[in-house]
Amino acid sequence: QKEVEQDPGPLSVPEGAIVSLNCTYSNSAFQYFMWYRQYSRKGPELLMYTYSSGNKEDGRFTAQVDKSSKYISLFIRDSQPSDSATYLCAMMEGAQKLVFGQGTRLTINP
Amino acid sequence: GAVVSQHPSWVICKSGTSVKIECRSLDFQATTMFWYRQFPKQSLMLMATSNEGSKATYEQGVEKDKFLINHASLTLSTLTVTSAHPEDSSFYICSASIPLGGYNEQFFGPGTRLTVL
C-alpha cells in the first residue's frame, strides 16, 4: 500500500465549476499537508500548506485536512482554464522529507 | 524570492555516457537540497537528500554509485548520472529548502528532462 493515494484522473470540468481533489494516506505521523500545482514539464509550485487538521482558505482555494480519517482535500471555486494543471498532494512527517501523491491531471474547459 | 534554477533544462545523451545536472538556489542559501525523479504521469519520487558539506542520503533502491550527488556550496548541488542507460530517462527535479516556522518549505526547480538513447 502506498503511503499516499491520489486518484490520477484525468478530471475534466467546465469553467466556473467547483473542483474537488482528494488524497488519502496511511502514515498517522504526517503533520504537514501540502498541495502543489505542476504545469507540464515544470517543477511543482506550492499552493497551500496546512498543519494538522482543519481548513485553510486562500482566494479561490480551500484546503481541508481530516486527520481522523487520514483524508485531505483541495477545493477550487470558480475554476478557470488557467487552473488546468496536475495537482499533487504531499505530506511531511515533521522532518523535511516530502511524500507525494501520484497527482491528478485537471482540465478546465472554457 | 526563493527561486531555484536547474541546468540544463533538457539533455539527450548516448547510452554509457555520464550527465551532470546543476541545481542552484538563486536568491537564498540552502543547507539542504533534494533530488527527485518523475516518470511520465507519475509522482515525484525522492532520490536523495543533499546537505552542504556532507555526503548525500539516498532513498532505498537508489544506487548511490550511479547517481552521484555533490553539494559543494550553500547555493549549488549537482547530480551526475553515471553510465546512463535508457531506463534512466526521466524528469529530474531538485528542490532547496528554507526553514519557515515549524517546517522546512521546499522550493522546486523547473526540472531537467533526460533522454538516454
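The rules we used
- Residues numbered from 1 in each chain as written.
- Chains lettered and ligands numbered in written order.
- Predicted model: local features only at pLDDT ≥ 70, side-chain atom pairs only at ≥ 80, totals over all residues.
- Heavy atoms only, no water.
- Helix = DSSP H or I, 4+ residues; strand = E, 2+ residues; numbered from the N terminus.
- Buried < 20%, exposed > 50% of the residue type's maximum accessible area, 1.4 Å probe, protein only.
- Pairing = 2+ DSSP bridges.
- Axes fitted to C-alpha atoms, helices over the stretch in contact; angles between N-to-C directions.
- pLDDT = per-residue confidence, 0-100.
- Phe/Tyr/Trp six-rings, centres within 6.5 Å; stacked < 30°, edge-to-face > 60°.
- Contact = heavy atoms within 4.5 Å.

Participant: Looking at this structure, how should I read unusual backbone geometry?
Facilitator: It is generally the case that most residues other than glycine have a negative phi and that most peptide bonds are trans. A cis geometry characterises the amide bond from A:G9 onward to A:P10, with omega recorded as 10°. Counting through the fold element by element, A:P10 comes out in the loop between β1 (4–6) and β2 (11–14). With an omega dihedral of 0°, the bond running from B:H7 to B:P8 counts as a cis peptide bond. Here B:P8 is to be found in the loop between β1 (4–7) and β2 (10–13). In this structure, A:D78 takes a positive phi of about 45° despite not being glycine. Positionally, A:D78 belongs in the loop between β8 (71–76) and β9 (85–92). Judged by relative accessible area, which is 43%, A:D78 ranks as partly exposed. Positive phi, normally seen in glycine, also occurs at B:K41, with a value near 60°. Tracing the sequence through the fold places B:K41 in the loop between β4 (32–38) and β5 (44–51). With relative accessibility at 66%, the residue B:K41 sits in the exposed group.

Participant: Any chance you could explain the sheet that holds β1(B) here in plain terms?
Facilitator: Adjacent strands of a sheet form backbone hydrogen bonds with each other and so pair up, either parallel or antiparallel. Residue and element names in this part refer to chain B. The 4 strands are arranged β1-β3-β8-β7 in an open sheet whose pairing can be described as antiparallel. Each of the sheet's edge strands pairs with one partner strand only, and the pair in question is β1 and β7 (67–73). If you compare each strand with its neighbour and ignore which way they point, the axes differ by 15° on average. Pairing of strand β3 (residues 19–25) with strand β8 (residues 76–81) involves 6 bridges; the strand directions are antiparallel. The residue of β8 that forms the bridge with V19 is V81.

Participant: Quick question: what am I supposed to make of the confidence of the model for chain B here?
Facilitator: Where the model shows low pLDDT, its predicted coordinates should not be examined in detail. When pLDDT is averaged along chain B, the result is 92, and 99% of the positions lie at 70 or above. Mean pLDDT across the elements of chain B ranges from a minimum in strand β10 (residues 103–108) of chain B, with 88, to a maximum in strand β11 (residues 112–116) of chain B, with 97.

Participant: Looking at this structure, I do not really get the packing of aromatic side chains. What am I missing?
Facilitator: In this description, a pair of aromatic rings is defined by centroid distance and the angle of the planes. Inspection of every chain in the model, using the stated rule, returns 11 aromatic pairs over all chains. Summarising the aromatic geometry, the rings of A:Y32 and A:Y49 are spaced 6.5 Å apart at their centres and angled 45° between planes, so their arrangement reads as tilted. In this pair, A:Y32 sits in strand β4 (residues 32–38) while A:Y49 sits in strand β5 (residues 45–51), placing the two residues 17 residues apart along the sequence. Residue A:Y32 is classed as buried on the basis of its relative accessible area, which comes to 9%. Between A:F100 and B:Y36 the ring centres are 5.7 Å apart and the planes differ by 85°, which places this aromatic pair in the edge-to-face class. Residue A:F100 is found in strand β10 (residues 98–100), and its partner B:Y36 is found in strand β4; the two belong to separate chains. Through successive ring pairs, a cluster of aromatic residues spans A:Y36, A:F100, B:Y36 and B:F108.

Participant: How do you make sense of the environment of A:R105 when you look at a structure like this?
Facilitator: Structurally, A:R105 can be placed in strand β11 (residues 104–109). The class for A:R105 is partly exposed, based on a relative accessible area of 43%. When the C-alpha positions of A:R105 and A:D7 are compared, they lie 9.1 Å apart, and in sequence the two are 98 residues distant. When residues no more than four places from it in sequence are discounted, the contact partners of A:R105 are A:P8, A:P10, A:L11, A:A85, A:T86 and B:K41.

Participant: For this particular structure, what's the right way to read the pairing of strand β7 (residues 61–66) of chain A?
Facilitator: Residues and elements named next belong to chain A. Pairing between strand β6 (residues 54–58) and β7: 5 bridges, direction antiparallel. Note that in β7 the partner of G54 across the bridge is V65. The hairpin formed by β6 and β7 contains 2 residues between the paired strands, and G59 there has a positive phi angle of roughly 65°. From the end of β7 to the start of β8, which pair antiparallel, there are 4 residues, and K70 there has a positive phi angle of about 55°.

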